[in-house]
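Analysis of the macromolecular model
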Amino acid sequence: MGQEIRDISDNIRLTVENGRILSLKTHRITRSVEEHIQEAVELILDKVTYPTLVPTIYTIVKELSINACKANQKRIFFEEKGYDLTDEIQYAKGVSEYRELFSEVMAEEFGQKAKKKGYYCLINFDYSLDGIRIEVINNTPVTPQEEKSLREKLEKGMQYADIAQFYLDNADNTEGAGLGLALILIMLKGEGIDPSYFRIGIRKESTIARLEIPLTGNFKSERDKDFSRT
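- Going by what an unreviewed UniProt entry lists, the protein is known as Histidine kinase and is assigned to Leptospira fluminis.

1. Notes on the packing of helix α2 (residues 54-81) against helix α3 (residues 88-101)
- The geometry of α2 relative to α3 is characterised by a closest axis approach of 10 Å and an angle of 115 degrees between their N-to-C directions. For the pair α2 and α3, the sense of crossing is right-handed. Listed contacts from α3 to Lys-70, Gln-73, Lys-74, Phe-77, Phe-78 and Lys-81 of α2 are Gln-90, Tyr-91, Gly-94, Val-95, Glu-97, Tyr-98 and Leu-101.
- The residue inventory of the contact of α2 with α3, partitioned by class, reads six nonpolar, three polar and four charged.

2. Focus on the packing of aromatic side chains
- Tallying each qualifying case throughout the model produces five aromatic pairs.
- Between Phe-78 and Tyr-83, the aromatic rings sit 6.1 Å apart at their centres with planes inclined by 80 degrees, giving edge-to-face as the arrangement. For the pair shown, Phe-78 and Tyr-83 are each scored as buried.
- On the basis of an interplanar angle of 40 degrees and a centroid distance of 5.6 Å, the ring pair of Phe-78 and Tyr-91 is categorised as tilted. Of this pair, Phe-78 sits in helix α2 while Tyr-91 is found in helix α3, placing the two residues 13 residues apart along the sequence.
- Given the relative accessible area of 1%, Phe-78 is considered buried.

Cut-offs applied
- Residues numbered from 1 in each chain as written.
- Predicted model: local features only at pLDDT ≥ 70, side-chain atom pairs only at ≥ 80, totals over all residues.
- Heavy atoms only, no water.
- Axes fitted to C-alpha atoms, helices over the stretch in contact; angles between N-to-C directions.
- Helix = DSSP H or I, 4+ residues; strand = E, 2+ residues; numbered from the N terminus.
- Left-handed = near helix turned anticlockwise from the far one by under 90°.
- Contact = heavy atoms within 4.5 Å.
- Nonpolar A, V, L, I, M, F, W, Y, C, P; charged D, E, K, R; others polar.
- Phe/Tyr/Trp six-rings, centres within 6.5 Å; stacked < 30°, edge-to-face > 60°.
- Buried < 20%, exposed > 50% of the residue type's maximum accessible area, 1.4 Å probe, protein only.

Below, the structure is given as structure tokens:
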């Protein structure tokens, strides 16, 4: 069987080759999307005989996918409200309102709007016996302010090796996406995976979160590829 594209639902499109999922494209996170992510992760880790990594990798990919869909939905929210993303006061007001109003019903509604506007979350799976590479991409631009916040969260995550201590020190921080990024780094450390293999790249019209897991010395990492705005 060669490469084929399967439309699973109005929200899920899979690219499959020889029985393995190459990519999953979605506009909102649903239980079905989570199940397909889990299936892909389980198949990959079964092929490379690292099944114990399934919970960690699944949790990371799901977290990144939720962040990607929320970023798209937040952009739509700002567009509808007429807020200027580059204005710090309007940005802060918009983010506060978005968090206050966010719900599962809103996620469903804005997921449909994202599809109509062409905004998506694309998860690419690539692996061999030498290593695993998973990319989560969303096609909305990130403001310099948002990029600065992302970098700060990643830097904070690098300072911790223990999830419990991280929670104790950040109990009053309600910014879910930021906490999620820091926790990803802590989870990787817990599995003995160098957290520098997790990178977030900012392009002019997209954000790319890339997770790599080398399994042999032959793995060719892309972590040094230019991730600046292009």
